Amino acid sequence: MNYKISIISGILLAATLFTACNNAKKPIIENLVYFSDASTSKSKDITLENGATTIANITVRLAKPLPTDVKVRLGVDEELLKTYNKRNEADLQLVKKENLTIPAETVIKAGAVSSTAVAIEIKSFETKGAQFAIPLTITSVEGNVKKSEVSSKIILNLVKPLSQSVPAFTSKNKMAAL
């Protein structure tokens, strides 16, 4: 009896091995361009400087170095912010263009895996209690490489530090701790 079960098990195992799917081959992705911060999280918090221009640095990367320069164009994607707000039940507002300076492009030099840090300037502005964000995206790539569909987009959440007035204990105002 055990001998019959062993033979049947062997036949079933062999049938499973020889009937595997042959058309499940996926193409090998050789190289991609992406935001280094977007590879771990789809958003990044940027703390705004009180009353001053804030510089947010972001790096564009390749999976592997290439023998030629790669030119990467950057842009703001309002649809990305709408999608993010809907998925996260948020109400982040888009920063006005006059308060924002984003370089149009960056270059990853031949033999390197990343660009120099892309400096995004955010001028000081009044938030009036609203939360703001910059939906940054890689719009196009010039070179023998494609952009990552997922990590070519990132939301930069602008965080304004809370500022609270507090009384100062000085000899002039005659305040004292009890």
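Described below are features of the structure shown in this document. None of the values given here were measured: they were computed from a predicted structure. Starting from 1, residues in each chain are numbered consecutively following that chain's sequence as written. Local features in this predicted model are restricted to residues whose pLDDT is 70 or higher, and side-chain atom pairs enter the listing and the counts only when it is 80 or higher, whereas totals over whole chains, interfaces and linings include all residues. Side-chain calculation: all heavy atoms of the structure are included, whereas hydrogens and water are not.

### Quick look at the packing of aromatic side chains
Inference 1: Classification of ring pairs uses Phe, Tyr and Trp, with its six-membered ring standing for Trp, and accepts pairs whose centres are within 6.5 Å; under 30 degrees between planes counts as stacked, over 60 as edge-to-face, and the remaining range as tilted. Enumeration over the complete set of coordinates arrives at one aromatic pair.
Inference 2: Residues F125 and F132 carry aromatic rings whose centres are separated by 5.0 Å and whose planes lie at 85 degrees to one another, so their mutual orientation is edge-to-face.

### Some details on the pairing of strand β1 (residues 32–35)
Consecutive side chains of a regular strand alternate in pointing toward one face of the sheet and then the other.
Inference 1: A pair of strands is considered paired only if DSSP assigns at least 2 bridges between the two. Only DSSP runs of H or I reaching four residues or more are called helices, and only runs of E reaching two or more are called strands; each is numbered from the N terminus. Pairing of β1 with strand β11 (residues 146–147), which is carried by two bridges, proceeds in the parallel orientation. Its bridge partner lying in β11, V33 is registered against K147.
Inference 2: Across three bridges, the pairing between β1 and strand β4 (residues 60–62) is antiparallel. What sits directly across from Y34, in β4, is R61.

### Description of the sheet that holds β4
Inference 1: Read from one edge to the other, the open sheet built from three strands follows the order β4-β1-β11, with strand pairing classed as mixed. Of all strands in the sheet, those with a lone pairing partner are β4 and β11, marking the two edges.

### Here we look at empty space enclosed by the protein
Inference 1: A 1.4 Å probe that fits into a set of points on a 1 Å grid over the protein atoms alone but cannot get out defines a cavity; an open set with protein on both sides within 12 Å along at least five of seven lines defines a pocket, and lining residues are those with an atom within 4 Å of a point. Grid points are joined across faces, edges and corners, and a volume is the space filled by probe spheres set on the points. Taken as a whole, this structure holds one cavity of 30 Å³ or more when the rule is applied.
Inference 2: Size it by volume and the largest cavity reaches roughly 50 Å³.
Inference 3: For the lining of the largest cavity, the class distribution of residues is four nonpolar, two polar and three charged. Classification convention: Asp, Glu, Lys, Arg as charged; Ala, Val, Leu, Ile, Met, Phe, Trp, Tyr, Cys, Pro as nonpolar; all other residues, Gly among them, as polar.

### Structural notes on the environment of L156
Inference 1: Structurally, the position occupied by L156 is in strand β12 (residues 153–159).
Inference 2: Three labels apply to residues, based on accessible area from a 1.4 Å probe with only protein chains included: buried if under 20% of the type maximum, exposed if over 50%, partly exposed otherwise in between. Taking relative accessible area as the criterion, L156 reaches 2% and is therefore assigned buried.
Inference 3: Along the sequence, L156 and K42 sit 114 residues apart, while their C-alpha atoms lie 8.9 Å from each other.
Inference 4: L156 has contacts with K44, I46, I58, I120, F132, A133, I134 and L136, leaving out every residue within four places of it along the chain. For this analysis, residues touch if any pair of their heavy atoms sits within 4.5 Å.

### Focus on the pattern of salt bridges
Pairing between side chains becomes possible if they bear opposite charge and their charged atoms approach one another.
Inference 1: The working definition used for a salt bridge is a side-chain nitrogen of Lys or Arg within 4 Å of a carboxyl oxygen of Asp or Glu. Applying the stated criterion across every chain, the model contains five salt bridges.
Inference 2: Among the ionic pairs, K44 bridges to D37, the shortest N-O distance being 3.1 Å.
Inference 3: Classification of D37 as partly exposed rests on a relative accessible area of 25%.
Inference 4: Here the salt bridges do not stand alone but share partners, grouping K71, R73, E105 and E142 into one network.

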